[in-house]
Amino acid sequence: MSSEKNPSSETAPETAEPRPRRLTCAAALAGLEGLALVVGGVWMLVLGITGDPDDRQQAITGGVTVLVLALLPLLAARGLLARRSWSRGPAVITQLLALPVAYNLLQADSLAIPGGIALAVVAVAALVLLVNAETTRALGIQGPGNASQK
């Protein structure tokens, strides 16, 4: 056996900062949205296959599309938990896409209004958490003009 240490078996140094609570909350919200999209996509698929839709192919295509769209917030949530700087972009995009959906749900005269309120609250809260300075530092993102500073 050699005296060299295997870098993959080493633990994180004790000086590493713990993940900020705001970053964890932002990841949880993104993951929650991703799971909601998975549930909605599966529901659309099941109704498209077992129900009597006007256009079965369109219902199945819609369900598959929603399932594929669920990947964006789920991958962003995983990246945020792992403190990957690239993950903030997809997470912010997800929240920006959720706001018009929430607005449309709020315009309905049905039970969709509480869903629109919940979606709007989650999207705004996640955006606030994602652009917070503590989250930005934890992800190692530097602002304009700070690229040379460390």
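None of the values given here were measured: they were computed from a predicted structure. Every chain begins its residue count from 1, and numbering advances along the sequence as written. Totals for whole chains, interfaces and linings use all residues, but because this is a predicted model, local features are given only for residues with pLDDT of at least 70 and pairs of side-chain atoms are given and counted only at 80 or more. Values reported for side chains reflect all heavy atoms of the structure, with hydrogen atoms and water molecules removed beforehand.

(A) Broad picture of the environment of Ala28. Numbering of helices and strands runs from the N terminus, with a helix taken as a DSSP run of H or I at least four residues long and a strand as a DSSP run of E at least two residues long. On the secondary structure map, Ala28 appears in helix H1 (residues 21-50). Ala28 sits 52 residues away from Leu80 along the chain, and the two C-alpha atoms are 9.1 Å apart.

(B) Looking closely at the nonpolar core. Working definition of a nonpolar core: buried Ala, Val, Leu, Ile, Met, Phe, Trp, Tyr and Cys residues. They are joined through side-chain atoms within 4.5 Å. Think of it in three bands: with a 1.4 Å probe and only protein chains considered, a residue is buried below 20% of the maximum accessible area for its type, exposed above 50%, and partly exposed in between. Of all hydrophobic cores here, the largest spans 13 residues; its most connected members are Leu23, Ala26, Leu29, Leu80, Ala91 and Leu130. Listed by contribution, the elements that provide at least two residues to this core are H1, helix H3 (71-81), helix H5 (112-131) and helix H6 (133-139). Contact between two residues is taken to exist if any of their heavy atoms lie within 4.5 Å; hydrogens are not considered. Discounting chain neighbours no more than four positions away, the residues touching Leu29 are Val122, Ala125, Ala126 and Leu129.

(C) Spatial organisation of the side chain of Thr94. In this structure, Thr94 sits in helix H4 (residues 88-106). Ignoring any residue separated from it by four or fewer positions in sequence, one finds Thr94 in contact with Glu33, Leu72 and Pro73.

(D) Spatial organisation of the confidence of the model for the protein chain. Every residue gets a pLDDT, meaning the predictor's confidence in that residue, from 0 to 100. Confidence along the protein chain averages 86 in pLDDT terms, with 85% of residues attaining 70 or more. Confidence scores differ between elements of the protein chain, with H6 showing the lowest mean pLDDT of 91 and H3 the highest of 96. Predicted confidence is poor over residues 5-15, with pLDDT under 50, and the contacts of this stretch with residues over four places away or in other chains come to one contact.

(E) Summary view of helix H2 (residues 56-69). End to end, H2 covers 20 Å across 14 residues, agreeing with the expected 20 Å (1.5 Å per residue, within 8%). Of the surrounding secondary structure, the elements contacted by the buried residues of H2 are H1. For H2, the N-terminal capping position is held by Asp55, with its side-chain oxygen 3.3 Å away from the main-chain nitrogen of Gln57. One less than the residue count of a helix, multiplied by 1.5 Å, gives the span that helix is expected to have. Whenever a nitrogen or oxygen atom comes within 3.5 Å of another N or O atom, the pair is scored as a polar contact, on the condition that within protein one atom can donate a hydrogen and the other can accept it, and that pairs from neighbouring residues in sequence are kept only if both atoms are in side chains.

(F) Region of interest: H3. Residues Pro73, Ala76, Ala77, Gly79 and Leu80 constitute the buried set of H3. Buried residues along H3 cover an arc of 165° about the axis, so they all sit on one side. In the core, the buried residues of H3 are packed alongside H1, H2, H4, H5 and H6. In the segment just after H3, Arg83 is the residue with positive phi, at about 60°. Working note: the arc is built from the helix axis to C-beta atom directions.

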